[in-house]
Amino acid sequence: MTVAEQRQGLSTAVDGYRLWQNIEALAKHGASPGGAVNRPALSKAEARARAEIVAWGREIGLSAYTDAAANLFLRLEGQRPELPPVLIGSHIDSQPTGGCFDGTFGVIAALEVLRVFIERGERPERPVELVAWTNEEGSRFAPGMSGSTGFTNPQSLPDILAIRDRAGISMAEAIAEIHAGDESIPEHPLGRPVHCYIEPHIEQNDVLERANIPIGIVTGIQGTRRYRIRVDGKAGHAGTVAMADRRDALIAATGLIGELHREAVSLEDMKFTVGQFDVTPNAPSVIPESVYFSLDIRCPDNAAVDRLDAKIRAAASGDRDRCQVSLHQITHAPSLSFPAPMQQLLEKATERAGLASMRLFSAAGHDARQLHYVCPTGMIFVPCCGGISHHPAEWVEPQHILAGTKVLAEAVALAARAEPADLLDDKARAAEG
Ligand SMILES: [Zn+2]
């Protein structure tokens, strides 16, 4: 492309100062000591952040709406309003000690792109919609990605609405409260057709930083299996019950974790995490009666995940150290690859923005995983310092926020005039007939 074309591109109008101001403004909702952000899904802090985004959108003439999963949308009308929209965005909920970029960057970048279209007086061929998905993180309501799951698979909605947080509040109740908070936002149906989905996100790893490259074109997302394992024994007096007579749930659980961990480290690239562990009654002089823990395994290689899954199922069932073990799988998401044409489109957008890019694989899960199954999907990564995320020290340089948004702007301009079939792999295209 010529320099003149580069100068005319939508990306030249992206305003880095405005982006940064928006990031800072949203970080105030749920701000906690040490620079952390604590903005659980559907909380009061998140409701305030949503209201601010809606106000920003309405200020520039965008229409806001929501759906039964409380996803939030801002729509820029296209020249052909009857066509499915280009969907761009991410999430605004956070981990309990999260940073102010994870998720938020993608939503703010999407808003900036819509602003640029409006300021330049350009109407895209297809409508373009910003989305902020509900409960991506899954820290308040587990599992996460409920908004994107409900949107792409409306049949899953009853299960999603039944999920309860630790205080016993259901997602149905929390969503009703959010909707009641602003009744001026109309509800649209779940499962609407989407032209394509592009999610900008921080990398949450340090590959881009080490390579000194501002843009990552994501090739795919690593698969996950997540389980809830329960071990039931028998409580008793720590001083009087003989060792041989005990049914100590904690001893059984830690033995099981040690055994499975040894299996996991023998598999290349396998990640194994027990992030949650509850002991009952959790008293110093009482033999543990029951233990409940989470187990999360991830690997780019689906076959390796399946092999470990078989070992886990065999080990975490029936009797162990005279205790009863039971397993419940809560998530199974295989590793996936985004369509090559979407990766090429994002590369072209990066070129148009005059930036360098490299391809990389996402080790973390994202809402893009859910969208991948219903429309051509791609992701743009920007570097985050030291690869740190889900932590108050999470940091993204302003020039990288700007770079990622410029690429999104060019990508939306390209996607809004692309034919749907041109965004899918040949195989997927053939399957769609
Ligand atoms: Zn995220």
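All residue numbers refer to positions counted from 1 along the written sequence of the respective chain. In keeping with the predicted nature of the model, local features appear solely for residues at pLDDT of at least 70, side-chain atom pairs appear and are counted solely at 80 or more, and the whole-chain, interface and lining totals rest on all residues. By convention in this description, side-chain values take in all heavy atoms of the structure and omit both hydrogens and water.

## Considering the packing of helix 11 (residues 340-352) against helix 13 (residues 398-415)
Here is the rule we go by: Lines are fitted to the C-alpha atoms to define the axes, a helix being fitted only along its stretch in contact, and any angle between axes, read from their N-to-C directions, falls within 0 to 180 degrees. Put simply, DSSP H or I for four residues or longer makes a helix, DSSP E for two residues or longer makes a strand, and each gets a number counted from the N terminus. The scheme is simple: roughly parallel for angles under 35 degrees, roughly antiparallel for over 145, roughly perpendicular for 65 to 115, oblique for anything else. Rotating anticlockwise by less than a right angle from the far helix to the near helix defines a left-handed crossing, while the corresponding clockwise rotation defines a right-handed one. Residues are treated as being in contact if the distance between any of their heavy atoms lies within 4.5 Å. Note on residue classes: Ala, Val, Leu, Ile, Met, Phe, Trp, Tyr, Cys and Pro are nonpolar, Asp, Glu, Lys and Arg are charged, and everything else, Gly too, is polar.
Between helix 11 and helix 13, the shortest axis-to-axis distance is 8 Å and the interhelical angle comes to 125°. Taken together, the axes of helix 11 and helix 13 lie oblique to each other. Considering only the axes of helix 11 and helix 13, their crossing is right-handed. Here Leu345, Leu346, Lys348, Ala349, Thr350 and Arg352 of helix 11 come into contact with helix 13, specifically with Val407, Glu410, Ala411, Leu414 and Ala415. Per-class residue counts for the contact of helix 11 with helix 13 are seven nonpolar, one polar and three charged.

## Points about the packing of aromatic side chains
Where we set the bar: Two rings from Phe, Tyr or Trp (for Trp, the six-membered ring) form a pair when their centres sit within 6.5 Å of each other. Planes less than 30 degrees apart are called stacked, planes more than 60 degrees apart edge-to-face, and all others tilted. Exposure is judged per residue with a 1.4 Å probe applied to protein chains only, and the accessible area is read against the type maximum: over 50% gives exposed, under 20% gives buried, and values in between give partly exposed. Geometrically, a charge over a ring is one whose NZ (Lys) or CZ (Arg) sits within 6 Å of the ring centre while staying within 35 degrees of the ring normal.
Applying the stated criterion to the full structure yields nine aromatic pairs. For the ring pair Tyr65 and Phe73, a centre distance of 5.3 Å and an interplane angle of 20° mean the geometry is stacked. Of the two residues, Tyr65 and Phe73, neither departs from the other in class, the shared state being buried. With a centroid separation of 5.9 Å and 20° between ring planes, the pair formed by Phe277 and Phe293 is classed as stacked. With Phe277 in strand 11 (residues 277-280) and Phe293 in strand 12 (residues 290-299), the pair connects residues that are 16 residues apart, well separated along the chain. Classification of Phe277 as partly exposed rests on a relative accessible area of 33%. We classify Phe293 as buried; its relative accessible area is 1%. One aromatic cluster is present, built from ring pairs that chain together Tyr65, Phe73, Trp133, Phe151 and Tyr197. Between Arg192 and the ring centre of Phe73, over which it is positioned, the NZ or CZ distance is 4.8 Å.

## As for the environment of Ile312
Examined against the element boundaries, Ile312 turns out to sit in helix 10 (residues 302-315). On the accessibility criterion, Ile312 (0% relative accessible area) is buried. As for Ile312 and Leu208, which are separated by 104 residues in sequence, their C-alpha atoms are 34 Å apart. Ignoring sequence-local partners within four residues, the contact set of Ile312 consists of Tyr227, Leu260, Leu295, Ile297 and Leu327.

## A short note on the pattern of salt bridges
Condition: Within this document, salt bridges are pairs made up of a side-chain nitrogen of Lys or Arg and a carboxyl oxygen of Asp or Glu, the two lying within 4 Å of each other.
Per the counting criterion, the structure on display carries 22 salt bridges. Residue Arg140 is joined to Asp165 by a salt bridge in which the shortest nitrogen-to-oxygen separation is 2.9 Å. Taken as a pair, Arg140 in the loop between strand 6 (128-133) and helix 5 (146-152) and Asp165 in the loop between helix 6 (157-162) and helix 7 (171-181) lie far apart in primary sequence, 25 residues in all. Side by side, Arg140 and Asp165 carry an identical accessibility label, which is buried. One salt bridge in this structure joins Arg313 and Asp309, with 3.0 Å as the shortest N-O distance. Here Asp309 and Arg313 lie together in helix 10, a separation of four residues that amounts to about one turn. A relative accessible area of 8% means that Asp309 is categorised as buried. Among the charged side chains, a salt-bridge network with shared partners connects Arg18, Glu112, Arg115 and Glu119.

## Some remarks on the domain arrangement of the chain
Applied cut-off: For each domain, the first and last residues come from an automatic or database assignment. By convention, the term buried area covers the 1.4 Å-probe accessible surface removed from two parts as they join, with the contributions of both added. Under the rule applied, a polar contact is a pair of N or O atoms within 3.5 Å (in protein, one hydrogen donor and one hydrogen acceptor; residues adjacent in sequence only if both atoms are side-chain atoms).
Structurally, the chain comprises domain 1 (3-222 + 335-432) and domain 2 (223-333). Averaged C-alpha coordinates put domain 1 and domain 2 at centres separated by 35 Å. Taken together, the contacts link 10 residues of domain 1 with 11 residues of domain 2. The junction of domain 1 with domain 2 conceals about 780 Å² of combined surface from both sides, 39% of it contributed by carbon and sulfur atoms. Between domain 1 and domain 2 we count zero salt bridges in total. Here domain 1 is connected to domain 2 by four residue pairs in polar contact (both at pLDDT 80 or more). Looking at the side of domain 1 that touches domain 2 residue by residue, the classes come out as five nonpolar, three polar and two charged.

## Description of the coordination of the zinc ion
As a reminder of what qualifies: Each metal's donors comprise the N, O and S atoms found within 2.8 Å of it (within 3.2 Å for Na, K or Ca). Water is not part of the atom list, so some coordination spheres may appear incomplete.
Taken together, His91 (NE2), Asp102 (OD) and His201 (NE2) make up the protein donors of the zinc ion, found 2.0 to 2.2 Å from the metal. Mapping the donors of the zinc ion onto the primary sequence yields the spacing H-x10-D-x98-H. Remark: His201 occurs in strand 7 (residues 196-202) and Asp102 occurs in the loop between strand 5 (86-91) and helix 4 (104-119); sequence separation between them is 99 residues. For Asp102, a relative accessible area of 5% gives the class buried.

## Overview of the environment of Val279
As for its position among the elements, Val279 is in strand 11. Each C-alpha atom, one on Val279 and one on Ser290, is 6.1 Å from the other, the two residues being 11 residues apart in sequence. Leave out the neighbours within four places in its chain, and Val279 touches Leu250, Pro288, Ser290 and Val291.

## Here's the deal with the nonpolar core
The test is simple: Grouping buried Ala, Val, Leu, Ile, Met, Phe, Trp, Tyr and Cys residues that are joined through side-chain atoms within 4.5 Å yields what is termed a nonpolar core.
Ranked by internal contacts, the top residues of the largest apolar core, which has 84 residues, are Leu87, Ile88, Ile198 and Leu408. Excluding its chain neighbours within four sequence positions, the residues that come into contact with Ile198 are Leu87, Ile88, Gly89, Met342, Leu346, Gly378, Ile380, Leu408, Ala411 and Ala415. One finds Val291, Ile297, Leu308 and Ile312 within the second-largest nonpolar core, a separate group that totals 26 residues.

## Some words on helix 2 (residues 16-27)
Heads up, the condition is: Each residue after the first adds 1.5 Å to the expected span of a helix.
Over its 12 residues, helix 2 extends 17 Å from the first C-alpha to the last, a length consistent with the 16 Å expected when each residue adds 1.5 Å. Of all the positions in helix 2, only Arg18, Leu19, Trp20, Asn22, Ile23, Ala25, Leu26 and Ala27 are classed as buried. Where helix 2 is buried, its residues contact strand 1 (31-32), strand 2 (36-37), helix 3 (44-59), helix 4 and helix 13. The distance from a side-chain oxygen at the start of helix 2 to the backbone nitrogen of Tyr17 is 3.0 Å, and the residue carrying that oxygen is Asp15.

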